[in-house]
Amino acid sequence: MNKLDNYRLKLGANEYIPIMIGGMGVNISTPEMVLEGARLGGIAHLSDALICAISDRYYKTDFVQQRSRKYKSFNKQDDKSFAQFDLESVKESTRLLVANTMDKKQGSGGVFINLMEKLTMNNPRETLQARLHGSLDGGVDGISLGAGLHLGSLELMQDHPRFRDVKIGIIVSSVRALKLFLKRTVRVKRTPDYVVVEGPLAGGHLGFGIDDWQTYDLKTIMLEVIQFLKQQDLDIPVIPAGGVFTGSDAVQLMNEGASAVQVATRFTVAKESGLPDKAKQAYFAANEEDIEVNLVSPTGYPMRMLRNSPCIGTGIKPNCESLGYVLDRNGDCSYIHAYNEAKAQNPDKVTVSGKTCLCTQMRAYNTWTCGQTTYRLKDTTNKLIDGTYQQPSTEDIFNDYRYSTDNNILLPTLPKAC
Ligand SMILES: Cc1cc2nc3c(=O)[nH]c(=O)nc-3n(C[C@H](O)[C@H](O)[C@H](O)COP(=O)(O)O)c2cc1C
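Here is a short report on the structure shown in this document. (Residues numbered from 1 in each chain as written. Predicted model: local features only at pLDDT ≥ 70, side-chain atom pairs only at ≥ 80, totals over all residues.)

So, on to the sheet that holds strand β9 (residues 204-205). Here three strands make up an open sheet; going across it, the order is β9-β13-β12 and the pairing antiparallel. For this open sheet the edge positions go to β9 and β12 (291-294), each flanked by a neighbour on one side alone. In terms of strand pairing, β9 meets strand β13 (residues 303-306) through two bridges, oriented antiparallel. Paired with Gly204 across the two strands is Arg304, which belongs to β13. (Pairing = 2+ DSSP bridges. Helix = DSSP H or I, 4+ residues; strand = E, 2+ residues; numbered from the N terminus.)

Now the structure itself:
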């Protein structure tokens with residue numbers, strides 16, 4: 001019986017089990033999960049979402065407080081262009097997360113980081129450069145350039161001594177986006193080491209329209225990308241992502257020319273996931289009709305989440321002086337406008353229906369972003385006597401992808417008391 005373990009992903013001289021755990025912000029793909037993925041021989045991603053807040057949580061820095069203190073007195077202004085990030089803090093927080101994870105790494109797998117272009121942080125170019133350099137300084141094995149169009153990202157790190165040896169991947173949702181990216185790689189004389197093709201069923205933000213995501217499918221886009229790379233004489237591994245729920249789903253894609261798969265949703269409910277238990281149980285309990293693609297993210301990109309996410313329909317005050325990760329290059333965020341409008345209508349009870357304060361809500365784990373297959377998570381574990389679902393370990397899920405056949409899912413071993 002064919003299983004994913006019969007394949008290997010080769011990136012340069014390194015060979016991996018062809019399972020990539022995708023970056024899940026904010027710190028849902030924790031260092032603990034990433035270390036497990038690497039120990040088991042696969043690749044797993046840290047995420048750069050709210051990087052300064054994550055550093056404060058783990059490494060006793062106080063980057064968020066410093067920023068908040070500096071800008072507190074300006075918080076009545078709607079134009080937030082004053083609230084610039086300290087670039088050294090951004091770089092250092094990224095370095096700390098990566099270096100501390102790399103220090104603990106065991107096994108032959110890879111510790112990668114997912115860096116998002118759409119985290120514009122009031123200064124898109126330089127804050128991205130700080131995150132790229134912080135990752136490289138921290139010794140990361142690989143960088144996946146995700147969430148946005150990374151046209152200038154390679155140029156931002158070309159002077160770093162590790163630029164030619166770190167593994168670099170690009171995440172795209174179309175051949176068109178890949179073509180644009182490859183065009184720019186000519187300037188730095190370096191092609192990506194892998195391409196992740198993210199389809200319409202993925203979690204997080206989507207690279208498709210709110211009205212037309214249903215008309216696309218992962219396999220078709222992946223085959224187009226493979227064919228295009230062949231035409232260009234480029235031998236670059238292609239890694240599909242989005243809706244790959246079982247090892248057998250993965251094997252089907254491998255048979256069509258994939259070199260590995262990137263997966264995330266199955267790992268949201270792992271013991272090592274950063275989601276609080278309440279959110280994990282909500283993911284398990286979800287039915288198909290509870291999952292929606294909406295436009296509440298102020299980035300303007302559609303995002304998939306559970307309909308009962310606590311962030312939807314609340315009206316908290318914008319908090320850009322402390323966080324401000326989605327402020328555009330002009331110090332603007334669409335949530336600020338939505339909040340002001342809602343406040344003008346009803347100052348006593350502010351309810352913002354169309355947008356959410358993404359930074360604050362994601363930091364509090366109130367934005368329950370998820371993949372389209374979330375409603376199947378309940379079939380991957382045991383229901384316990386108290387009515388809750390058992391959290392499998394990262395190892396349980398990884399090995400299920402690796403060894404399962406015939407679309408079977410191996411349930412985790414029940415805890416002793418059961
Ligand atoms: C909870 C969650 C958070 C995510 N966060 C990010 C992120 O911060 N950046 C990113 O590029 N992709 C993010 N993704 C997308 C995943 O990395 C991955 O490519 C995709 O979800 C794989 O599809 P699957 O979830 O159906 O397995 C996220 C996905 C989930 C489920």
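Additional details are given in the paragraphs that follow.
What follows covers the site of the ligand. The immediate surroundings of the ligand are formed by 29 residues, with Gly22, Gly146, Gly203, Gly204 and Gly371 found nearest. Of all elements in the fold, only β5 (110-116) and β11 (261-263) reach the threshold of two or more residues within the shell around the ligand. Split by residue class, the shell around the ligand holds 12 nonpolar, 16 polar and one charged. (Near = placed C-beta within 6 Å. Nonpolar A, V, L, I, M, F, W, Y, C, P; charged D, E, K, R; others polar.)

With that out of the way, let us pick up the environment of Val352. Inspection of the secondary structure assignment puts Val352 in the loop between α11 (334-345) and α12 (358-363). Sequence separation between Val352 and Val296 is 56 residues, and the spatial gap between their C-alpha atoms is 9.7 Å. Beyond its immediate stretch of four places on either side in the chain, Val352 contacts Thr314, Gly315, Ala338, Tyr339 and Ala342. (Contact = placed C-beta atoms within 7 Å.)

Glancing now at the nonpolar core. Judged by nonpolar contacts, the single largest core of 120 residues is most densely connected at Leu50, Val195, Val197, Val238, Ile239 and Val261. Among the elements that make up this core, the one with the highest residue count is helix α8 (residues 218-231) (six residues). In contact with Leu50, other than residues within four places in its own chain, are Gly25, Val26, Leu323, Tyr325, Cys359, Met362 and Arg363. (Core = buried A, V, L, I, M, F, W, Y, C linked by C-beta atoms within 7 Å. Buried ≥ 20, exposed ≤ 12 C-beta atoms within 10 Å, placed from the backbone.)

Each pair of packed helices can be described by the angle between their axes along with the distance between the axes. Interhelical geometry of helix α1 (residues 31-39) versus helix α13 (residues 394-403) gives an angle of 40° and a closest axis separation of 10 Å. Classed by the angle they form, the pair α1 and α13 counts as oblique. Remark: the crossing between α1 and α13 carries right-handed chirality. Packed against α1, whose contacting residues are Met33, Glu36 and Gly37, the element α13 presents Thr394, Glu395 and Phe398 at the interface. (Axes fitted to C-alpha atoms, helices over the stretch in contact; angles between N-to-C directions. Parallel < 35°, antiparallel > 145°, perpendicular 65-115°, else oblique. Left-handed = near helix turned anticlockwise from the far one by under 90°.)

Let's shift gears to helix α5 (residues 124-137). The terminal C-alpha atoms of α5, which comprises 14 residues, lie 20 Å apart, in line with the 20 Å expected from a rise of 1.5 Å per residue. Burial analysis of α5 places 10 of its 14 residues in the buried class, the great majority of the element. Turning to α5, its buried residues number three or more, namely Thr127, Leu128, Gln129, Ala130, Arg131, Leu132, His133, Gly134, Ser135 and Leu136. Residues of α5 that are buried make contact with α2 (51-59), α4 (87-103), β5, β6 (142-146) and α6 (153-157). (Expected span 1.5 Å × (residues − 1).)

What follows is about the pairing of β13. Going residue by residue along β13, you find Met303 and Met305 tucked away on one face and Arg304 and Leu306 tucked away on the opposite face as well. Here β12 runs beside β13; their pairing, made up of four bridges, is antiparallel. Paired with Val293 across the two strands is Arg304, which belongs to β13.

Now for helix α9 (residues 247-255). Along α9, the residues that are buried comprise Gly247, Ala250, Val251 and Leu253. Projected onto a plane normal to the axis of α9, the buried residues spread over an arc of 165° and lie on a single side. (Arc of directions from axis to C-beta.)

Of the two faces of strand β10 (residues 238-241), both are covered, the one formed by Val238 and Pro240 as well as the one formed by Ile239 and Ala241. In this structure, strand β8 (residues 194-198) lies alongside β10, joined through four bridges in parallel fashion. Bridge pairing in β10 links Val195 to Val238.

Relative to the helices and strands, Arg162 resides in the loop between α6 and β7 (167-172). The class for Arg162 is partly exposed, based on 14 C-beta atoms found within 10 Å. Placed 229 residues apart in sequence, Arg162 and Gln391 show a C-alpha to C-alpha distance of 38 Å.

Worth remembering: the numbers are spatial, not functional.
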